[in-house]
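Chains, contacts and geometry: an overview
In case you want the letters, here they are:
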Amino acid sequence: MADLLESWNGEAVAAGDVPVLSLERFQGIVCDVLTAGGRVASLFGLASQGGRTLVVAALADDPDSRIGLLSTVVEGRWPSLAAECPAIQAFERELAEQYGVVPEGHPWLKPVRFEHPHAEVPDAFGRTAPWPTIPGDYPFFRVEGEEIHEVAVGPVHAGIIEPGHFRFQCHGEQVLHLEIALGYQHRGAERLLEGGPGGRGLAVAETIAGDTSIGHALAYCSALEALAGLEAPPRASYLRGIALELERLANHVGDLGMLAGDVGFQPTASACGALRAEFLNSTAEICGNRLGRGLLVPGGVRFDIAPDEATRLAEKLARAWELTQQSVRLFFRSPSVRNRTDGTGVVSRALCNELGLVGPAARACGVGRDVRHDHPFGLYRFAHVPVATADSGDVFARAWVRYVECERSARFVVNHLRNLPEGPTRAQLPPLPPDRLTVSMVEGWRGEIVYVAVTGADGRLARCKVTDPSFHNWMGLAQALRGQQISDFPLCNKSFNLSYAGHDL
Amino acid sequence: MIEILKARLKLGKQTVAYPGGPARFPERFRGRPVLDPARCEAGCVACADACPTGAVREAGLASMTLDMGRCLFCAECIDACPSGAVSFTRDYRLAMRTREELLVNALEGDEAKLARALDAKMRSLFGRSLKLRQVSAGGCNGCEAELNASGNIQFDLSRFGIQFVASPRHADGIVVTGPVTENMLLALQKTYEATPAPKIVVAVGACAISGGPFAGSPVVNDGVDGTLPGVPVDLWIPGCPPHPITILDGLLRLLGRVQGDELRLAGTGIVSAAEPLPVLPPGESNPAKIT
């Protein structure tokens, strides 16, 4: 039996075909793949019995659009790979929290989201009921010294933002280290997806990261369709692609406005705040909800759009993008803006690859990583969106990549609205076959969303592992702050704009 | 500078006409639900079975009820219903003063219930200046995004003296989103305690009202009710997430700044005819009959 089961985005395999390797072999392969430029798309506990946990890894080979699947059985503890391959650090911590598998020698072994174990295992952090609250019982990294001071922010922040705790170690204005403690948003989403499809599964997927309802719902629906061996009709694929790009447009335009607000450049801030609504409202024209909730269903989409309405929507969007472009150009041309954004919060390309960042945050470091291009799904198998990159890795680059992506998304949406194929918009999802596994990847506006769905003997979802792009990227933000002024934190934070709920699940 | 002014002029006025003029909503917007159990086929409970959050109760009976506090306005029930007994109007005025008023049933007729204003003393305190502290307690960033939007130049809450402030010490009340996770409970309680009295509590979104899609999860509290011992919720704003105008309307009614039951609605100009929501049966397409 081969060491790796080769698969691709949206393919279902027999769960039993995933090779179960010795721990040594498993870790050797993961380490080799990561060192050779591969990525961990997912690494998670699939099941646990009597202290033995079945760990599955999905390794992404971006240039060849392949996914390698492998697994191993771990008894309680395993040697950590995080020091050698930092991209795996959060996955090892998650596995420790969910299945009690202790990664020995992990350089940063802290709870990832204060989640209760999924199986009857001793807690890897030695916690017992009543469970401690966060961040009270969190071993923060501390810098000692006479002139060092510590700044604690959160969980309740100044704006209307989700909760998280930020702990800065500062020397004067300079940040020596930022530590981010999350978990406040943990709602037990993964457990609620088990037993699906049906019931509340889709609603949970839509609200795992509520600003990415389309992205998460698409990954969830695609996973179910792959398991069932069903393909959504072409017209549905088009509408899904249009909705995904509208979501990207709305969020990127909103972010550009917020970045302008954070550097005190009001013209772009207020214009983008309003223009963002053009894209949200376009989604609402299609499905009635500004965030696209209710649009996607397993098997297709719930709503169709009449030909003349599609044309009118395309015209409206083209106009909205033109106005947006004007406002955003002001931002990039303003010297006072560039003074704040250029060279602020730099993440080098090497660090980006080491941490395994995804989405615009990675593309801003010159890493051309985009699921739409690398592991195309749905409409993107036929219609290509050029990958947008920048190379300075700073706040400017993260803003610029968003701007370029918006331009391409706008063109994509307008084009496809004008050229919708005829045909049905929905197919009936048949019952899922038992013991199948699929990896479903979608490029949401923040980056790579991964759902690994596995059916049990009864054809229901036995496990649905969700990885939001924020799971990879929070460490990127923490590193970007090193050596920065603490007053630039809001700007850096917004330039990443990560999801707390998506991370905490 | 010239470029900035030119761009500004081209953008024109962005603030919505509401409440002075009509509120603009897409034709497919799902607002206040209307039930017509007379249409139900005997024994049919398809809507209740399809509902992801158990918002439909006593389906098929004359006493059939839809709980807007649980409803995600997702259209699963309309899809499932073979006889059109469940429909959603475009009435965006969904906020209520009590949890019970969020229950919609056919026995009470089609009239919309509307949120009542605070008493005279509270109105005199907050009527022209209401500062709120938002607490996301497991919110997915959907309600948070719409609360943020309600403050932008389009919906412009600050026209009415309503603002979200950075500290509970500066606030007259808190706005809670999310199902109140176990991990956020203490922070929510502390934020409430830090807010000086008299203060109000507003629950925004299905999660904060009932737990929404996360109701029953062992690590959440199924909404804000009961998490602040002895503290009643003053305003419930349902939706997943509620539209910014629904939020605005709820707050303005609470302050007595909008009264009466006149409903002024306009389309958004993209989709023309105001016909019922199109629902296509699985595997069938009918692009001609969409609007």
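Refer to the preceding data block for the structure.
These figures come from a predicted structure and were not determined experimentally. (Residues numbered from 1 in each chain as written. Chains lettered and ligands numbered in written order. Predicted model: local features only at pLDDT ≥ 70, side-chain atom pairs only at ≥ 80, totals over all residues.)

With that settled, consider the interface of chain A and chain B. Opposite the 66 residues of chain A that make contact, chain B presents 63 residues. Mapped onto the side of chain A that touches chain B, the elements with two or more residues apiece are α4 (201-206), α7 (266-287) and α8 (307-333) of chain A. The element that contributes the greatest number of residues to the side of chain A that touches chain B is α7 of chain A, accounting for 10 residues. Among the residues forming the side of chain A that touches chain B, the class breakdown is 32 nonpolar, 21 polar and 13 charged. (Contact = placed C-beta atoms within 7 Å. Helix = DSSP H or I, 4+ residues; strand = E, 2+ residues; numbered from the N terminus. Nonpolar A, V, L, I, M, F, W, Y, C, P; charged D, E, K, R; others polar.)

Right, let's talk about the nonpolar core for a bit. Counting residues in hydrophobic clusters, the biggest one holds 256 residues, and the most contacted among them are Val 176, Ala 203 and Val 204 of chain B. By residue number, the principal contributor to this core is helix α6 (residues 234-262) of chain A, which donates 14 residues. Setting aside residues no more than four positions away along its own chain, Ala 203 of chain B makes contact with Val 176, Ala 208, Ile 209, Gly 223, Val 224, Val 233, Trp 236 and Ile 237 of chain B. (Core = buried A, V, L, I, M, F, W, Y, C linked by C-beta atoms within 7 Å. Buried ≥ 20, exposed ≤ 12 C-beta atoms within 10 Å, placed from the backbone.)

Let us look at the pairing of strand β11 (residues 174-181) of chain A. Two faces belong to every sheet, and in a regular strand the side chains alternate between them. Residues and elements named next belong to chain A. Pairing between strand β10 (residues 165-171) and β11: seven bridges, direction antiparallel. Directly across from Phe 166, in β11, lies its bridge partner Ile 180. Adjacent in sequence and paired antiparallel, β10 and β11 are bridged by two residues, among which Gly 172 carries a positive phi angle near 65°. (Pairing = 2+ DSSP bridges.)

With that out of the way, let us pick up the sheet that holds β10 of chain A. Pairing between the strands of a sheet is mediated by backbone hydrogen bonds and can be parallel or antiparallel. Residue and element names in this part refer to chain A. In space, the three strands of this open sheet follow the order β9-β10-β11, with antiparallel pairing throughout. With one partner strand each, in any of the chains shown, β9 (148-153) and β11 form the two edges of the open sheet. Taken over all neighbouring pairs, the strand axes of this sheet differ in orientation by 20° on average, direction set aside. (Axes fitted to C-alpha atoms, helices over the stretch in contact; angles between N-to-C directions.)

All names here are of chain A. Here β9 lies mainly on the outside; zero of its six residues are buried. With six bridges joining them, β9 and β10 adopt antiparallel strand pairing. Within the sheet, the bridge partner assigned to Ile 148 lies in β10 and is His 171.

Read these as layout, nothing more, since geometry by itself doesn't imply function.
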